[in-house]
Amino acid sequence: SIIITAIAHDEDGSVGRVEFYNDTTLIHTEYNSPYTFEWTNVAAGNYILTAKATDNVGLVTTSVAVSISVVKPNVAPAVSLTSPSVKARFTSPASINITAAAADSDGSVVKVEFYNGSTLLSIQKNAPYTWNWQDVPAGNYIITAKATDNGGLVTTSEGVSISVVKPNVAPTVSLRSPLASTGFTSPASITITATAADKDGSVAKVE
């Protein structure tokens, strides 16, 4: 939507009309001052605007041309996390490779930022957009990537939930019976009993 305004006067008479042109195409005629017009719904492209003033006896003067351009609206970039995968589990202290795919259909991606929640982890300005997060302690995390294009628009990826757990500790097991060096008479029936426990989980089986 472009406001076009002209100043026109006639020292020995009066201005009858002012015509606004896009190159050779008449787009509007204004008969009264102020000579202004709102050109709406202008498509993307390059334009050369002029104003022609006609006085009360028919003499015409054309203004100096004004070149303008109308560009398409900037389209926001696209971004998605390609690693880690959703609900991935790691063992602390973890080393987690974070990678994003980012592109801009009408320009270029100037940076990709990696976040844990609202905390900035890293800024990558060149593809491939990847970063290795080192020594991550146990906990639950939501990773996102934010891509910024050359027009300043920002897109945030969907969050990826991951978890980092403490290293698994092996279970403990000991035989309670039979006692060491116990003798049996064949054919024997021997009851074997074990005590087993796992301090950071559960015992799945005893063999």
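Residue numbers here run from 1 along each chain, matching the order of that chain's written sequence. The predicted nature of this model means local features are confined to residues of pLDDT at least 70 and side-chain atom pairs, given and counted, to a pLDDT of 80 or more, with totals for whole chains, interfaces and linings taken over all residues. To obtain the side-chain values, all non-hydrogen atoms of the structure were included, while hydrogens and water were left out.

### With respect to the packing of aromatic side chains
For Phe, Tyr and Trp, rings pair up if their centres lie within 6.5 Å, where Trp contributes its six-membered ring, and each pair is then called stacked (planes under 30 degrees apart), edge-to-face (over 60) or tilted (otherwise). Applying the stated criterion to the full structure yields 3 aromatic pairs. Judged by centre distance (6.4 Å) and plane angle (15°), the ring pair of Phe20 and Phe37 falls under stacked. On the criterion of sequence distance, the pair formed by Phe20 in strand β2 (residues 15–22) and Phe37 in strand β4 (residues 35–39) is long-range, its members being 17 residues apart. With respect to burial, Phe20 and Phe37 carry one shared label: buried. Centroid distance Trp39 to Tyr47: 5.3 Å. Interplanar angle 80°. Geometry classified as edge-to-face. Comparing Trp39 with Tyr47 shows no difference in burial state: the two are buried. Placement of a positive charge over a ring is assigned whenever Lys NZ or Arg CZ falls within 6 Å of the ring centre and within 35 degrees of the normal to the ring plane. Above the face of the Tyr21 ring, Lys52 is positioned so that its terminal group lies 4.6 Å from the ring centre. When the ring centre of Tyr115 is taken as reference, the NZ or CZ atom of Lys146 above it lies at 4.6 Å. Strands here are runs of E lasting at least two residues and helices are runs of H or I lasting at least four, both read from the DSSP assignment and numbered beginning at the N terminus. In this scheme, a residue with accessible area under 20% of its type's maximum is buried, one over 50% is exposed, and one in between is partly exposed, where area comes from a 1.4 Å probe on protein chains only.

### Some points on a nonpolar patch on the surface
A grouping of Leu175, Phe184, Ile190 and Ile192 is seen on the molecular surface, where their side chains present a nonpolar patch of about 430 Å² in accessible area. Following the sequence through the fold, Phe184 ends up in the loop between β17 (172–177) and β18 (193–197). Take Phe184: its relative accessible area is 41%, and that puts it in the partly exposed class. Here, patches come from residues exposed beyond 30% relative accessible area and free of salt bridges, joined within 9 Å for like charges and within 5 Å for nonpolar side chains (Val, Leu, Ile, Met, Phe, Trp, Tyr). To be clear on the numbers: accessible area is Shrake-Rupley with a 1.4 Å probe, and residue cover counts the displayed protein chains and nothing else. For salt bridges, the criterion is a side-chain nitrogen of Lys or Arg within 4 Å of an Asp or Glu carboxyl oxygen.

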